[in-house]
Amino acid sequence: MHDPNTEAERLRQTIREMSDQIIRAREREEQVLGEFTAMNNELVTLQRRLAKNNAELKRTRLEAEQANEAKGRLLAVISHEIRTPMNAIMGMAEMLEQPGLTDVNRQSVGLIRDSAALLIHMINDLLDLSKIDAGKMELRREAFDLHVILDHSARLLQDKLENNGNRLSMLLDERLERQWIGDAGRINQVMLNLLGNANKFTQDGQIMIRVKPAELEGQGENQSLVRFEVEDTGMGISAEDQKNLFTPYMQTDEGGSPEYGGTGLGLSICKSLVELMRGRIGVSSEEGRGTLFWFEIPLEPAVGQESGNRSVEALRAAYAEQQPLQTTSRDLSVPVLLVEDNDINRQVVGMQLRKLGLQQVDWARNGLEAVQKARENTYALILMDHMMPKLSGAEAAAQIRTEEQQLGKPAVPLVAMTGSTDERARRQCMDAGMNDFVSKPVHAHALAAILEAYLPEKTAQSDRPVLDYKTIHEIIEIQEDGSQELLALLFQMYQEDMPDKMERLHKLLQQGRSAEAAAAAHDMKSGSLSLGVQEFSRLLAEIEALCKAGRLEQGLHTFRQLQPAYEEACGSLNALLESQE
């Protein structure tokens, strides 16, 4: 028999234990709850910090982007402001570089030209580096001729190679296609840099260009890996210097010496350009035993496509090679408008244009003047500075195009002269309706290329008769006494009416009213033929046909020949009448 006291004590003990367990469980629950609360608070704090950090990162990124944009704008302005006076310096150097100079004078002019070219090269390097850093460097995709690119690079360096006593050889693998699709300009830029370095550090040696196929991992059906090599027999590069060769502003001990000059940016830019083209670049060298630079890029064969080089680009290539350019196939008597806010540049470019043979060069100081002059006159070409007060070149071009459409006038070729190498600035000009652009400093050969591309063709001269004497004789025979009174009377009426009719025809052509202009030309032609005015009538018939075909720009060009033909016809008729008195 159990003792009730013992059982009660055991029960109390059990209750105490259970109470202790409950208390401990509650304590643990409170501890866990406290830990959870602390963790939750910490999580909330972290979330707040993360949100704050994200906001700061976003703000920092925005500030960085704005800083890059500001840097790009600043560099564009600096580039324009530096290139503007450089345009005058290099332009005047070209004007001074005439046959018959003494050796001393020729050397002085060459020093001016070469120093200016070096400064422009340094500016271009800085701008390219800025674009690459900002991720704004863009590639073009167009068909090009590989042989033309390599030949162009070799021609550009020909004089410098000869000065250093170096021989250049070229070996192209016969398995390679000739036509490819890629960015020919950037490939050419890399080649020129590598060739320039090879020549700079080689004296009385050999430089070899090799181009051959390379193995491309994962090569698609439409892609090939092409390897370009430039090898020289020069001084070579130490293993230590090779480690930092493609780092911006880093140069070898020899390369950084005043004897060789340079900014230390060329190879860094080459590496960035090659990688942008999804390729790779490298070097193999040993001190005293020459250097081999190479790069490999994937290219697509241009099957069934013509080279993307337009006529203007081909002409600019001729300029770069310093080949003589002729504009003899173009009509240099037509009026050209030069728009430039810098007085010195305006004078220099005007001198260059006149040296190329242009007879009529009008000018304007800013975009507003350009719009007004284009409204009031007919020009065969407008050369317009990009950055100007009152109206920029792009704004003026857009306004000129708008007014041409409103008046039905033919579009005059518009070419921008820009000191900016920023692709956005160039695209802005093209979007505004410009046809082309030339970079400052503007060389005479570049201007010649523009004239050759955009001026109308010269009208062939001939010995066409001014008067139709058979018609004149028939007029005289109308009178039985054979006098010239009727002819004199008709000629007087003709002289009274024709100037007003020519003025009206000119306005109709300017306003683009082709049907009315064709009818006016036809009426003038008929009246002229009835009086025996032959060459003047032929020109009117040409204008009539051009108007009917909607070719008003050519019609305006032909109209410029009317006044001289009219004056010649009147002179011949006057001489005929006076001889019979």
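Preceding block: the structure.
So, here's what we can say about the structure. These numbers come from a predicted model, not from an experiment.

### Observations concerning the overall build of the protein
And then number 1: What the protein contains, in helices and strands, is 19 helices and 12 strands.
And then number 2: For the protein, buried positions account for 42% of its 581 residues.
And then number 3: Of all intrachain contacts in the protein linking residues separated by at least 6 positions in sequence, the fraction that spans at least 24 positions is 73%.
And then number 4: Accessible surface for the protein amounts to roughly 32,100 Å². Of this, 51% is attributable to carbon and sulfur atoms.

### Re the pairing of strand β6 (residues 280-285)
Regular strands have side chains that alternate between both faces of the sheet.
And then number 1: In this sheet, strand β7 (residues 291-301) lies alongside β6 in antiparallel orientation, the contact comprising six bridges. From the neighbouring strand, serine 285 faces β7, where its bridge partner is threonine 291.
And then number 2: In this antiparallel pair of consecutive strands, β6 and β7, the connection spans five residues, and glycine 288 shows a positive phi of 80 degrees.

### Details of the pairing of strand β3 (residues 179-182)
And then number 1: As paired elements, strand β1 (residues 142-145) and β3 share four bridges and run antiparallel to each other. When the sheet's bridge partners are listed, aspartate 145 is paired in β3 with glutamine 179.

### Remarks on unusual backbone geometry
And then number 1: Phi at aspartate 204 is positive, roughly 50 degrees, even though this residue is not glycine.
And then number 2: Relative to the helices and strands, aspartate 204 is located in the loop between α5 (184-200) and β4 (206-214).
And then number 3: Here aspartate 204 falls in the exposed class, since its relative accessible area comes to 60%.
And then number 4: The phi dihedral of arginine 278 falls on the positive side, at around 65 degrees, and the residue is not glycine.
And then number 5: With respect to the helices, strands and loops of the structure, arginine 278 is situated in the loop between α7 (266-276) and β6.

### A look at the packing of helix α14 (residues 469-478) against helix α15 (residues 485-510)
And then number 1: Contact geometry of α14 with α15 gives a least axis separation of 7 Å together with a crossing angle of 120 degrees. For the element pair α14 / α15, the angle class is oblique. Contacts between α14 and α15 involve Ile472, Ile475, Ile476 and Ile478 from the former and Leu486, Leu487 and Leu490 from the latter.
And then number 2: Of the residues assigned to the contact of α14 with α15, the class counts are seven nonpolar, no polar and no charged.

How each quantity is defined
Residues numbered from 1 in each chain as written. Predicted model: local features only at pLDDT ≥ 70, side-chain atom pairs only at ≥ 80, totals over all residues. Heavy atoms only, no water. Helix = DSSP H or I, 4+ residues; strand = E, 2+ residues; numbered from the N terminus. Buried < 20%, exposed > 50% of the residue type's maximum accessible area, 1.4 Å probe, protein only. Contact = heavy atoms within 4.5 Å. Areas by Shrake-Rupley, 256 points an atom, 1.4 Å probe, with all protein chains shown as cover. Pairing = 2+ DSSP bridges. Axes fitted to C-alpha atoms, helices over the stretch in contact; angles between N-to-C directions. Parallel < 35°, antiparallel > 145°, perpendicular 65-115°, else oblique. Nonpolar A, V, L, I, M, F, W, Y, C, P; charged D, E, K, R; others polar.

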